[in-house]
Amino acid sequence: MAAAGADKVLRDLPALGVGLGFREPFRGDLFMHRDRVDFLEITADHYLDAPPEKLRELELLAEHFTLIPHALNLSLASAEGVDRDYLKKLARLVRRLDPPWWSDHIAFTRAGGVDIGHLSPTVFSEEAAQVIARNVAAARELIDAPLILENITYMLTVPGGQVSEAEFLRAVLERTGCGLLLDVTNLHINSVNHGYDWRDFLRKLPAERIVQLHFVGGHWHDGILVDSHSHPTPEDVWAVMDETLRRAPVKGVILERDENIPPFSEILRELDRARELGRKHERWD
Amino acid sequence: MGLVEVQRTLARIYTDAELRERFFGDPLNVGREIGLSAEESSNLAQMSAAQIKTFADSLYGKRLLGVGKLLAMTRRTLGARFDAHFRRFAAAPVQGGTPQYLDDAMKFATYLENSLCEERVGSGWTLDLLRYEKARLKAADPKRRVVAAYFRHDISRLVRSVARKEEPPTVVKRATVALWVRSKPHGPVRYSAFSAPSLFGRGK
């Protein structure tokens, strides 16, 4: 996709505002606080081979919220290519929901018939960027909705890298024409664990490509900051979000709380705070 | 070494604890075993063994979390014993890497059922709770029409009580058969339980 065309597609995406990663424990509260949650992100993988109960849940959610499918396992960085069966199921789901965009990660989750079970970093190299571009092109053959790619946390550096992480992200975005789902928690965690300046990292990214943000809090384990989606968003991450919203025409932000689920009032407080930040930078009403 | 080979080797090293330990102990020889040249082995061995172990541990933690959610009542009831059993279960290498949660939970439930039977501790209601969660997981398969399970306790009351976090839970010894039935594949599941009259009165 030509850069100018990609930029226009991303610029024209609707501003969705502030939303929540849908998890079953939120279901009842979500409908009671419909006016404070602008949209939902659903984990696509939960609905690919879903029983009828799950699909009815999806229909109910879709009647009340804009839903963004977020996939975990397309393995876009796999040098072996993407799993066609998985891609077909994902395409069916995305077509069913007809979302403004959908997302997956800059990572590989399987190789050589082995399912790793988690998002694994690839080499920051030209070859790896080409692989992702090829896999994104395969996904586009079946899915028309714009794809945005998420940065992951990584505990290890794969040898053979030729560029920095920020330069690699930029190269991937340029080659694929995709938007960026910038997980500001992941950015903060990587900056702490790998000792770099997140502001400097942010300056190297193409701001006009940042479409959506993820945020949440992690926890410390054996001297490493872990992306466990288990704690309130810390002040350092709010600072990254503030700076990102200042620099980039972000269309929506999603709170991703998976573990140690707090009372919904705490979730709403975080959403309200994100909403205020977006308003301050005139990203949404 | 091309990216395909790098990723294949990494996937094996991440998910196979025994191979990982051997590789970092003797990269050249173990690398040769898995088809790497001396240079390729040397490149991969530059990776921090500690970082890879941390990543592998996170895979284990994620797996435990996923299985624990699918067997939530059993995990809550057994506490640290659940985690200890899972650690032993997960130590065995798995063909194909990290299993899908549902498959993993089903296999672990069978393993745990056998282990609890061997241990012969407690009153047996924990075992019923585990069997209930295992049967419910089986019934989640939309292609299955009928799943039946036998329990030594009034399973519906027990499940309600544990779900409400009652301490101690309401445990009534009463032979019970539970059924999960779909009228057609991919149709909604209906659950019914049929109990014999109380045989042993109210137990703990």
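Residues numbered from 1 in each chain as written. Chains lettered and ligands numbered in written order. Predicted model: local features only at pLDDT ≥ 70, side-chain atom pairs only at ≥ 80, totals over all residues.

### Comments concerning the overall build of chain B
Keep this limit in mind: Note on conventions: DSSP H or I runs of at least 4 residues are helices, E runs of at least 2 residues are strands, and numbering of each starts at the N terminus. Every C-beta atom is placed from the backbone, and the number of other C-beta atoms within 10 Å of a residue's own sets its class: buried at 20 or more, exposed at 12 or fewer, partly exposed in between. Contacts are defined on C-beta atoms placed from the backbone: any two residues whose C-beta positions lie within 7 Å are in contact.
Looking only at helices and strands, one finds ten helices and four strands in chain B. If you list the helices and strands of chain B from N to C, you get α-α-α-α-α-α-α-α-α-β-α-β-β-β. Dimensions of chain B, computed from the C-alpha atoms along their principal axes, are close to 70 × 40 × 25 Å. In chain B, buried positions account for 32% of the 204 residues. Considering only intrachain contacts with a sequence separation of at least 6, the fraction spanning at least 24 residues in chain B is 57%.

### Quick word on the packing of helix H5 (residues 126–142) of chain A against helix H6 (residues 165–176) of chain A
Residues and elements named next belong to chain A. As a reminder, the rule being used: Only the contacting stretch of a helix is used when fitting its axis, a line to C-alpha atoms as for every element, and angles between N-to-C directions run 0 to 180 degrees. Take the far helix as your reference; a near helix turned counterclockwise from it by less than a right angle gives a left-handed crossing, and one turned clockwise gives a right-handed crossing. The nonpolar class holds Ala, Val, Leu, Ile, Met, Phe, Trp, Tyr, Cys and Pro. Asp, Glu, Lys and Arg form the charged class, and all remaining residues, Gly among them, are polar.
Close contact between H5 and H6 brings their axes to 9 Å; oriented N to C, the two are set at 35 degrees. Crossing of H5 over H6 shows right-handed handedness. Of the residues in H6, those in contact with Ala129, Ile132, Ala133 and Val136 of H5 are Phe168, Ala171, Val172, Arg175 and Thr176. The class makeup of the residues in the contact of H5 with H6 is seven nonpolar, one polar and one charged.

### Remarks on the interface of chain A and chain B
With 27 residues of chain A at the contact, the number on the chain B side is 31 residues. Those elements that place two or more of their residues in the side of chain A that touches chain B are helix H3 (52–64), strand S5 (108–111), strand S6 (114–120) and H5 of chain A. Element by element, the count of residues in the side of chain A that touches chain B is highest for S6 of chain A, at six residues. Of the residues in the side of chain A that touches chain B, the class split is 15 nonpolar, seven polar and five charged.

### A short note on the environment of Gly112 of chain A
You can see Gly112 of chain A is positioned in the loop between S5 and S6. In the structure, Gly112 of chain A is positioned 101 residues away from Leu213 of chain A in sequence and 32 Å away in space, judged by C-alpha atoms. Setting aside anything within four residues of it in sequence, one finds Gly112 of chain A in contact with Arg8, Ala11 and Arg12 of chain B.

### Regarding the pairing of strand S2 (residues 171–182) of chain B
All names here are of chain B. To keep things clear, this is the line we draw: Two strands pair under a simple rule: DSSP has to find at least two bridges between them.
Alignment of strand S1 (residues 146–153) against S2, held across seven bridges, turns out to be antiparallel. Directly across from Phe151, in S2, lies its bridge partner Thr176. Between S2 and the antiparallel strand that follows it, strand S3 (residues 189–195), lie six residues; His186 among them carries a positive phi value of about 70 degrees.

### Structural notes on the nonpolar core
Note the cut-off: The nonpolar core criterion groups buried Ala, Val, Leu, Ile, Met, Phe, Trp, Tyr and Cys residues into a set whenever they are joined through C-beta atoms within 7 Å.
Ile132, Val172, Leu180, Phe215 and Met241 of chain A are the most contacted members of the largest nonpolar core, which totals 91 residues. With residues up to four places along the chain from it excluded, the contact list for Phe215 of chain A reads Val184, Thr185, Thr233, Val237, Met241, Val253, Leu255 and Ala274 of chain A. Judged by nonpolar contacts, the second largest core, of 29 residues, contains Phe108, Leu116, Ala135 and Ala178 of chain B.

### Here's the deal with helix H9 (residues 235–247) of chain A
Residue and element names in this part refer to chain A. Using the following cut-off: For a helix, the expected span equals 1.5 Å multiplied by the number of residues minus one. By construction, the arc corresponds to the directions joining the helix axis to the C-beta atoms.
End to end, H9 covers 19 Å across 13 residues, agreeing with the expected 18 Å (1.5 Å per residue, within 8%). For H9, every residue scored as buried is listed here: Val237, Val240, Met241, Thr244 and Leu245. Each buried residue of H9 sits inside an arc of 130 degrees when the element is viewed along its axis, so together they form one side. Along its buried surface, H9 packs onto strand S8 (179–183), helix H7 (184–193), helix H8 (198–204), strand S9 (210–215), strand S10 (217–221) and helix H10 (264–280).

### Overview of the packing of helix H5 (residues 49–70) of chain B against helix H7 (residues 80–90) of chain B
Residues and elements named next belong to chain B. To keep it simple, the criterion reads: For this classification, under 35 degrees means roughly parallel, over 145 means roughly antiparallel, 65 to 115 means roughly perpendicular, and everything else is oblique.
Closest axis-to-axis distance for the H5/H7 pair is 11 Å, and the angle between their directions is 125 degrees. Taken together, the axes of H5 and H7 are oblique relative to one another. Here H5 runs over H7; the crossing is right-handed. In this structure, H5 uses Tyr60, Arg63, Leu64 and Val67 to contact H7, whose residues at the interface are Asp83, Phe86 and Ala90. Classifying every residue of the contact of H5 with H7 by side-chain character gives five nonpolar, no polar and two charged.

### Some details on the domain arrangement of chain B
Residue and element names in this part refer to chain B. Quick reminder of the rule: Domain extents, as shown, originate in an automatic or database domain assignment.
Under the domain assignment, chain B is made up of domain 1 (1–47), domain 2 (60–121) and domain 3 (125–204). Spacing between the C-alpha centres of domain 2 and domain 3 amounts to 20 Å. Contact with domain 2, which involves 14 residues of that partner, is made by eleven residues of domain 3. Mapped onto the side of domain 2 that touches domain 3, the elements with two or more residues apiece are helix H6 (72–78) and helix H8 (101–119). Here the residues of the side of domain 2 that touches domain 3 are counted per class, giving eleven nonpolar, two polar and one charged.

### So, the environment of Lys143 of chain B
Within the secondary structure, Lys143 of chain B is located in the loop between helix H9 (125–139) and S1. Linking Lys143 of chain B and His186 of chain B, residues 43 residues apart in sequence, is a C-alpha distance of 5.9 Å.

### Section: the pairing of S9 of chain A
Residue and element names in this part refer to chain A. Of all six residues that make up S9, six are buried, and the element is covered over most of its length. The pairing of S8 with S9 spans four bridges and is parallel. By the bridge assignment for S9, Leu181 is matched with Gln212. Strand direction decides the pairing type here: S9 and strand S12 (residues 252–255), joined by four bridges, are parallel.

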